[in-house]
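For reference, the chains in residue letters:
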Amino acid sequence: MSSSAFKGLLMGMGNPLLDISAEVGQDVLDKYGLKMDDAILAEEKHQPLYAELAEKYNPQYIAGGATQNTIRVAQWMLSKTLPKTTAFMGCVGASDEFGKTLETCAAADGVLTHYMKDEKAPTGTCAVLVKDGERSLCTNLDAANNFNKSHLETDEAKAIYESAKFYYIAGFFLTVSVESLMVIAEHSLANDKTFCLNLSAPFIIDFFGDAVASAMEYADYLFCNESEAEAYGKKHFPEIATDLNALALEVAKLPKKGSKPRIVVFTQGSKSTIVASEGKVTEYKVDPLPKDQLVDTNGAGDSFVGGFLSQLVQGKDMETCVNAGHFAARFIIQQSGCTLSKPCEY
């Protein structure tokens, strides 16, 4: 599918990564100083981890990257009604197999990819350590870290983002190219389109606060999970950091460009999803998955947003959007990683 064939609706931009997923014991987490339900960027001490997983743990190699996961899931949910209406941009290695794997997987899911190709760095990878169904993520960005605003000046990129009506970028991209995010955010604002942002991980909030604040001003929809919400609360609203309903209302009121009110969505795993906007907060109950059906939680948050956006782009109401998010997350946590193993039955 070329950009000229793109029936623009939803575009994502972020870090395309190949997940290297394996079941591990607590000893591996302790050895590399990793915590469950956390996501970090790999440091020098983490580099041996990737070879260790490959050599000792028979890992699965799964297409990943938070934003790319979300766009793939959204397209999966839209496959019957609005096929080939999503696109994704990010940076991969120019000639390695991992990059080709990501491109093939996205295409199979009906997503148009327009990757920037890096001649010097390999495609990024993410170690996904699974223990008792929970996950810890450790990312080597490599080529993903080299996305440049110049890519958005290509004719194909312009055709994609000018055609799209909704945009989604995960906070992980704030470590890569704030300038590129601003191009898309400004375009969305100027053309009265819809811009969606995810806080993504506590380290983004703790160490990239200025970038978060800049991006937040454009966010028509802001997504995060409970640990990210609490991290944001501790930094900006310490007196209500653990009162997520009150915190969601405060975040919704933060300065914002444009005329649309910000809608804040906090997920809490199997607990109710919180939605806040214009002084009102609503909780949407989650139907918990029996523990024996849980495979792993990798991609749960990404897939929630994918399900949510699949209905938002169709103009559906909030309850429908949230329920679609719950459906998608429930499906993905019964798979290994963000694997779309069968047609969507939503």
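Thresholds applied
- Residues numbered from 1 in each chain as written.
- Predicted model: local features only at pLDDT ≥ 70, side-chain atom pairs only at ≥ 80, totals over all residues.
- Heavy atoms only, no water.
- Phe/Tyr/Trp six-rings, centres within 6.5 Å; stacked < 30°, edge-to-face > 60°.
- Helix = DSSP H or I, 4+ residues; strand = E, 2+ residues; numbered from the N terminus.
- Buried < 20%, exposed > 50% of the residue type's maximum accessible area, 1.4 Å probe, protein only.
- 1 Å grid on protein atoms, 1.4 Å probe; cavity = no way out; pocket = protein on both sides within 12 Å on 5 of 7 lines; lining within 4 Å.
- Points joined across faces, edges and corners; volume = space filled by probe spheres on them.
- Nonpolar A, V, L, I, M, F, W, Y, C, P; charged D, E, K, R; others polar.
- Pairing = 2+ DSSP bridges.
- Axes fitted to C-alpha atoms, helices over the stretch in contact; angles between N-to-C directions.
- Contact = heavy atoms within 4.5 Å.

1. What to know about the packing of aromatic side chains
Aromatic ring pairs are reported here in terms of the distance separating the ring centres and the angle at which the planes meet.
Then comes step 1: Inspection of the entire model under this criterion finds twelve aromatic pairs.
Then comes step 2: Between Phe223 and Phe308, the ring centres sit 5.1 Å apart and the planes meet at 85°, which makes this aromatic pair edge-to-face. Taken together, the residues Phe223 in strand S13 (residues 221-225) and Phe308 in helix H11 (residues 300-312) connect sequence positions 85 residues apart. Of the two residues examined, Phe223 and Phe308, each falls in the buried class.
Then comes step 3: Here the aromatic residues Tyr168, Tyr221, Phe223, Phe304 and Phe308 are joined through ring pairs into a cluster of three or more.

2. As for empty space enclosed by the protein
Then comes step 1: According to the stated counting rule, one finds one cavity of 30 Å³ or more in the structure shown.
Then comes step 2: Here the largest cavity is characterised by a volume of approximately 50 Å³.
Then comes step 3: Surrounding the largest cavity, Asp37, Asp38, Ala39, Arg135, Ser200, Ala201, Pro202, Asn225, Ser227 and Glu228 form its lining.
Then comes step 4: Contributing elements (two or more residues each) for the lining of the largest cavity: strand S3 (38-41) and helix H9 (226-236).
Then comes step 5: Here the residues of the lining of the largest cavity are counted per class, giving three nonpolar, three polar and four charged.

3. Some details on the sheet that holds strand S9 (residues 124-131)
Then comes step 1: Spatially, S3-S10-S9-S2-S4 is the arrangement adopted by the five strands of the open sheet, whose pairing is mixed. Edge positions in the sheet fall to S3 and strand S4 (60-64), since each of these pairs with one other strand and no more. Neighbouring strand axes in the sheet, compared pairwise and without regard to direction, differ in orientation by 25° on average.
Then comes step 2: Sheet topology note: the strand S2 (residues 17-23)/S9 ladder contains seven bridges and is parallel. Across the sheet, residue Ala22 finds its bridge partner in S9, namely Leu129.
Then comes step 3: In this fold helix H2 (residues 47-56) packs onto S2, S4, S9 and strand S10 (134-140), with an angle of close to 65° to the strand it touches most, S9.

Worth remembering: the numbers are spatial, not functional.
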